[in-house]
Amino acid sequence: MEKARINANQLFAMIFLFEIGTAIVLPVGFASVQSVWMAILIALVFGIGLYLIYDYLYREYPNLPLSGYIKAILGKPIGWVVNLSLLLFLIHNDARVLRETSELLVTASYDMTPLIVISALMIVAVIYVLSKGVEVIARVAEIYFLIFLFLGLLGFIFILFSNIIEIKNLFPLLSKGWKPVFQAAFPRITMFPFGETISIATILPYLKKSVTGRKTGIFALIASGLILSFSHAIEICVLGPDIYARSTFPLFLMITRVNIADFVQRMDAFVILALIIGAFFKCAIHMYAAMSVAADMFHMEIRKMALPVGITILVASIMLASNWAQFLAMGKEVITSILIPIYGMYLPIFLVIVHLIRKRLFKKS
Amino acid sequence: MGIPFGGYPMSFFRNESKKNKKQSHDQNENTDLRKSGNIPLYSDLNANLDKIKSELGNSSDLIIRHFELGSFQAQAAAVFVDTLIDNKLVDEFILGSLMINTAQESHNNIEADKSVFDFIKDNARTIREVQVVTSWNELIMSVFSGDTVILIDGWAQGISGSTRGGEFRSITESSSQVVIRGPKDGFTESISTNISLVRRRIKSPNLWLEHMKIGDVTQTDIGIMYIKGIVNDKLVKEVKDRLQAIEIDAILESGYIEDLIQDETFTPFPTMLNTERPDSVAGNLLEGRVAIFIDGTPFVLVAPTTFFSYFQSVEDYYQRFDIGFAIRLLRYLAFFISLLGPSIYIAAITFHQEMIPTALLISLAAQRDGVPFPAFVEAVMMEITFEILREAGVRMPRAIGQAVSIVGALVLGQAAVQAGIISAAMVIVVAITGIASFAVPVFNLAISVRLLRFLIMVFAASTGFYGIAIIMIMIIGHLCSLRSFGVPYMAPFAPFNLPDQDDAILHFPLWARLTRPHLTGKKNNKRMKNHLAPTPGPEEK
């Protein structure tokens, strides 16, 4: 643990940017195209549920990070092994975020630039900021939260005035009934982006007043969930369900349609900027979680873990898959349906159960 | 300007290190006097004078005047440094009060059995401040501060009268921070003048001033000024602690102090404000900051500062608030243009041609048709040329200023385009960037922008807007990691503080800026009474 303190505003900004992160630019929940915005709202409820579990563990162990209470609950030897696998998961997941962003950037406008250059630049920025400590990333989040809101508002106004929103694209609602909506909501959207909130559990113990954690977190989740749902609904309105379902980068496609009086057009930079900001925070917070776990396991200073963990993530992101198709296939099969549920949901629930059992046994004896 | 390096052991070359050893040895001998300087004076006048002469190496501006004290029949001598004193004061002190008056009044005193020493001390009426010096240390210090020391035969004590004076620049308008509306007086090189300029503005007993001397050789006067009750006491203590920790041979300018007490050295961004304007210092003191006055320079340091305080000009507060607000926004815009101007041009022309309107793109392509270099090389060339021109413009003698501007404008601007070395659009971009950087009101920050601009250009040339976005994240991360005397540099945005938003990027009317900025404490932060907003008076019937 570092000697640092963050306040509720900063936590809010971090969770918000983390959730919005890449989820706003990527298509989520393929199964239910027109109803995707509903699926996001349903997933939000599950997401809040997950957050309450993390918050419960945090309240029980307010001074320990994620890896700390894993050791406290499961005992040192088992805890160490669980932490190791958690570390690998966090690095893997972060490598995926990095790869995904770089691939999107390469497809969107850097088709001549090697992937590794894009990834390396991003990881350099992440390493630099994280090596300054959690307080700095929290403050950067506060500033970028304002910038992000400004970008979002401006983008929305442009789309509104371009007269390209067609509400009829949202209908028929629930064309195949509620079932596909729920299937999309759980586990897929619940896991990505909400299940990844487990990384925030390593940041919670820095909070100045631990009671603010629950309220702030839930507000941040609701705010980000609503904005996600809204923006995906707008994307469907503008692009139509077919194009939306097929594109890899729907937000980008949408913004290219902006045209006000033949003067305000080609606003791609807005979306690219939003993607970079979102990806940066997603990458940084995942990496901070990985650094925190690694530092706890190897008894090192957290800040000094930035370089080794960062470089590992960079190399892993390049070696993950040999091309985009393979990467996507792996993502669908492995990440959202196996890995994130294990670490984002089953592990915390398991921890709560063990903790409760131990508490009861302890009381009796 | 001679910057003393003698005391530092430099071992780049063997020969030099020997020389330096000798030098530092010499210096030790000089400073010996100060260290063992608490030895008392002799009681024999001639012995004292001989020692003074030998200690000061018979400096030619050291004046020793012998005289006899009227009816006391005592030999005395006045010791002073000719170049540091006010001639009129010394004449009055020695001639008026000691030579003539003693002759008239001494009779009564001899009868009253008063000693000659006390007599002089009590009767030096023409002098504001009289002190008794007993040791060599005190004697030397007061002589070199511009005092006149009277030594009397038979007394192991001296009387030091404050006769400080000499030539100073008079108060003129500050040349580095000019305003259209507002007071025109600027600080000078004399610390006492500077302090008086601020004191005249804040007539409060709570305006406290603390004094210290820094610099083993220069013994520079430093004044720490703050308003008790508004300032946070921890901040004052922190400033004093940092100043007291300084052990250096010389302080020649406020930059020395700034370098030694700032929070972070490896940053292009300034964490202490320097100003030549007394109204700016007064305003900052009233917001709970600390001012550090340094003798010998018109620049006064103010701490703590935040990033946003570098965009505040004193004139914002003297103008109508809406105008002030608009102009402040313009300054932020200028800051971003000067930081990102060439980078955005490079990124757009190299990577994101699709973002440029077609008509403009065709025109740009036509201009760049004969240009042999990529946009990045072009931009770096022009930026460096511009920086050289600017630097030359600052340092060169005024008389040849016109030559440089002709060469700069015609040869490097127009001719370079006509010769096909650079494109006309690039000249425009560089010119706008250059002018925008002058709109940043604090010169410190403008310099840091000049540096960072080149770094951002490299990123823009390698990966376009993505590179710019990444380097901006890193710069903002860097800014967020900075502190100025415990205050986060990006306050009030990170950490966010709602009451302080009234005067950061936004600028509220005076009656709406109710509280002082939240710096390190929340003490006494109410600035004025509520509801001072002007309303129209009762209607006439």
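Residues numbered from 1 in each chain as written. Chains lettered and ligands numbered in written order. Predicted model: local features only at pLDDT ≥ 70, side-chain atom pairs only at ≥ 80, totals over all residues. Heavy atoms only, no water.

A.B. asks: Talk me through the overall build of chain A; I want residue IDs and the actual numbers.
C.D. replies: A tally of helices and strands in chain A yields 13 helices and two strands. By the compact-globule yardstick of 21 Å for 365 residues, chain A fits well, its C-alpha radius of gyration being 20 Å. With respect to the three principal axes, the spread of C-alpha positions in chain A is 75 × 45 × 40 Å. Considering only residue pairs separated by 6 or more positions, chain A has 83% of its internal contacts joining residues 24 or more positions apart. A gap of 11 Å separates the mean positions of the 29 positive and 19 negative side-chain charges of chain A. (Helix = DSSP H or I, 4+ residues; strand = E, 2+ residues; numbered from the N terminus. Rg over C-alpha atoms; globule rule 2.2 N^0.38 Å. Contact = heavy atoms within 4.5 Å. Lys, Arg positive; Asp, Glu negative; His and termini not counted. Charge placed at Lys NZ, Arg CZ, Asp CG, Glu CD.)

A.B. asks: Hey, could you go over the UniProt feature "transmembrane region" (unreviewed entry) in chain B for me, with residue numbers and the actual values?
C.D. replies: UniProt marks residues 332-351, 396-415, 421-447 and 454-476 of chain B with the feature "transmembrane region" (unreviewed entry), using the numbering shown here. Measuring from the first to the last C-alpha atom of residues 421-447 of chain B gives 28 Å, for a span that is 74% helix and 0% strand. (UniProt positions renumbered as here; feature names shortened; annotations may be inferred.)

A.B. asks: Account for the packing of helix H2 (residues 36-60) of chain A against helix H7 (residues 179-191) of chain A, with residues named and values stated.
C.D. replies: When two helices pack together, their arrangement is given by the angle between their axes and by how far apart the axes lie. All names here are of chain A. It is at 8 Å that the axes of H2 and H7 come closest, and there the two elements cross at 45 degrees. Relative to H7, H2 is oriented oblique. Crossing hand, H2 versus H7: right-handed. In this structure, H2 uses Met38, Ala39, Ile40, Ile42, Ala43, Phe46, Gly47 and Leu50 to contact H7, whose residues at the interface are Val181, Phe182, Ala184, Ala185, Phe186, Ile189 and Thr190. Looking at the contact of H2 with H7 residue by residue, the class counts come to 13 nonpolar, two polar and no charged. (Axes fitted to C-alpha atoms, helices over the stretch in contact; angles between N-to-C directions. Parallel < 35°, antiparallel > 145°, perpendicular 65-115°, else oblique. Left-handed = near helix turned anticlockwise from the far one by under 90°. Nonpolar A, V, L, I, M, F, W, Y, C, P; charged D, E, K, R; others polar.)

A.B. asks: Any details on the interface of chain B and chain A? Residues and values, ideally.
C.D. replies: Contact residues are listed per partner, giving 28 residues for chain B and 30 residues for chain A. When chain B packs against chain A, close to 2600 Å² is buried across both sides, 72% of that on carbon and sulfur atoms. Among the residues of chain B in contact with chain A, Tyr466, Ile473 and Met474 of chain B are the three that bury the most area, contributing 27% of the side total. Taken together, the connections running from chain B to chain A amount to one salt bridge. The shortest N-O distance in the salt bridge between Glu135 of chain A and Arg483 of chain B comes to 3.9 Å. There are ten residue pairs in polar contact (both at pLDDT 80 or more) connecting chain B and chain A. Looking at which element gives the most residues to the side of chain B that touches chain A, the answer is helix H16 (residues 443-481) of chain B, with 16 residues. Per-class residue counts for the side of chain B that touches chain A are 19 nonpolar, seven polar and two charged. (Buried area = accessible area lost by both parts, 1.4 Å probe. Salt bridge = Lys/Arg side-chain N within 4 Å of Asp/Glu carboxyl O. Polar contact = N/O pair within 3.5 Å; in protein donor to acceptor, adjacent residues only side chain to side chain.)

A.B. asks: Got a sec to walk through a nonpolar patch on the surface? Specific residues and values, please.
C.D. replies: On the surface, Trp80, Val81, Leu84, Leu88, Phe298 and Met300 of chain A cluster together into a nonpolar patch covering about 560 Å² of accessible area. Considering every element that reaches the nonpolar patch, the biggest residue donor is helix H4 (residues 76-108) of chain A, with four residues. (Patch = residues over 30% accessible without salt bridge, like charges linked within 9 Å, V, L, I, M, F, W, Y side chains within 5 Å. Areas by Shrake-Rupley, 256 points an atom, 1.4 Å probe, with all protein chains shown as cover.)

A.B. asks: Tell me about the pairing of strand E9 (residues 290-294) of chain B, and name the residues and values.
C.D. replies: Residues and elements named next belong to chain B. Among the five residues that make up E9, five are buried, leaving the element largely enclosed by the rest of the structure. Neither face of E9 is left uncovered, since the one carrying Val290, Ile292 and Ile294 and the one carrying Ala291 and Phe293 both have all their residues buried. Both strand E7 (residues 220-227) and E9 contribute to a ladder of four bridges, which runs antiparallel. Bridged to Ile224 within E9 is Ile292. With three bridges connecting them, E9 and strand E10 (residues 300-303) associate as antiparallel partners. (Buried < 20%, exposed > 50% of the residue type's maximum accessible area, 1.4 Å probe, protein only. Pairing = 2+ DSSP bridges.)

A.B. asks: If you had to explain the sheet that holds E7 of chain B to someone new, which residues and values would you point to?
C.D. replies: All names here are of chain B. Overall, antiparallel pairing links the five strands, which are arranged E6-E7-E9-E10-E8 in an open sheet. What marks the edges here is a single partner per strand, and that holds for strand E6 (207-214) and strand E8 (273-275). Each adjacent strand pair in this sheet contributes to an overall mean axis angle of 25 degrees, direction not counted.

A.B. asks: Can you tell me about the packing of aromatic side chains, naming the residues and giving the values?
C.D. replies: All names here are of chain B. Scanning the model with the defined rule gives 32 aromatic pairs over all chains in all. On the basis of an interplanar angle of 75 degrees and a centroid distance of 6.1 Å, the ring pair of Phe269 and Phe307 is categorised as edge-to-face. Taken together, the residues Phe269 in the loop between helix H8 (254-261) and E8 and Phe307 in the loop between E10 and helix H10 (315-318) connect sequence positions 38 residues apart. Residue Phe307 is classed as buried on the basis of its relative accessible area, which comes to 6%. With 5.4 Å between their ring centres and 85 degrees between their planes, Phe307 and Phe308 make a pair best called edge-to-face. For Phe308, a relative accessible area of 6% translates into the label buried. Joined through ring pairs, the aromatic side chains of Phe269, Phe307, Phe308, Tyr310, Phe311, Tyr332, Phe335, Phe336, Tyr489, Phe493 and Phe496 make up one cluster. Taking the ring centre of Trp136 as reference, the NZ or CZ of Lys51 above it sits at 5.0 Å. (Phe/Tyr/Trp six-rings, centres within 6.5 Å; stacked < 30°, edge-to-face > 60°. Lys NZ or Arg CZ within 6 Å of the ring centre and 35° of its normal.)

A.B. asks: Requested: an account of the confidence of the model for chain B, with residues and values cited.
C.D. replies: Residue and element names in this part refer to chain B. Of the residues in chain B, 86% reach a pLDDT of 70 or more, and the chain-wide mean stands at 82. For chain B, helix H1 (residues 14-35) is the element with the lowest average pLDDT, namely 44, and E9 is the one with the highest, namely 95. Counting interchain partners and residues more than four positions distant, the pLDDT-below-50 stretch residues 1-36 has 26 contacts. (pLDDT = per-residue confidence, 0-100.)

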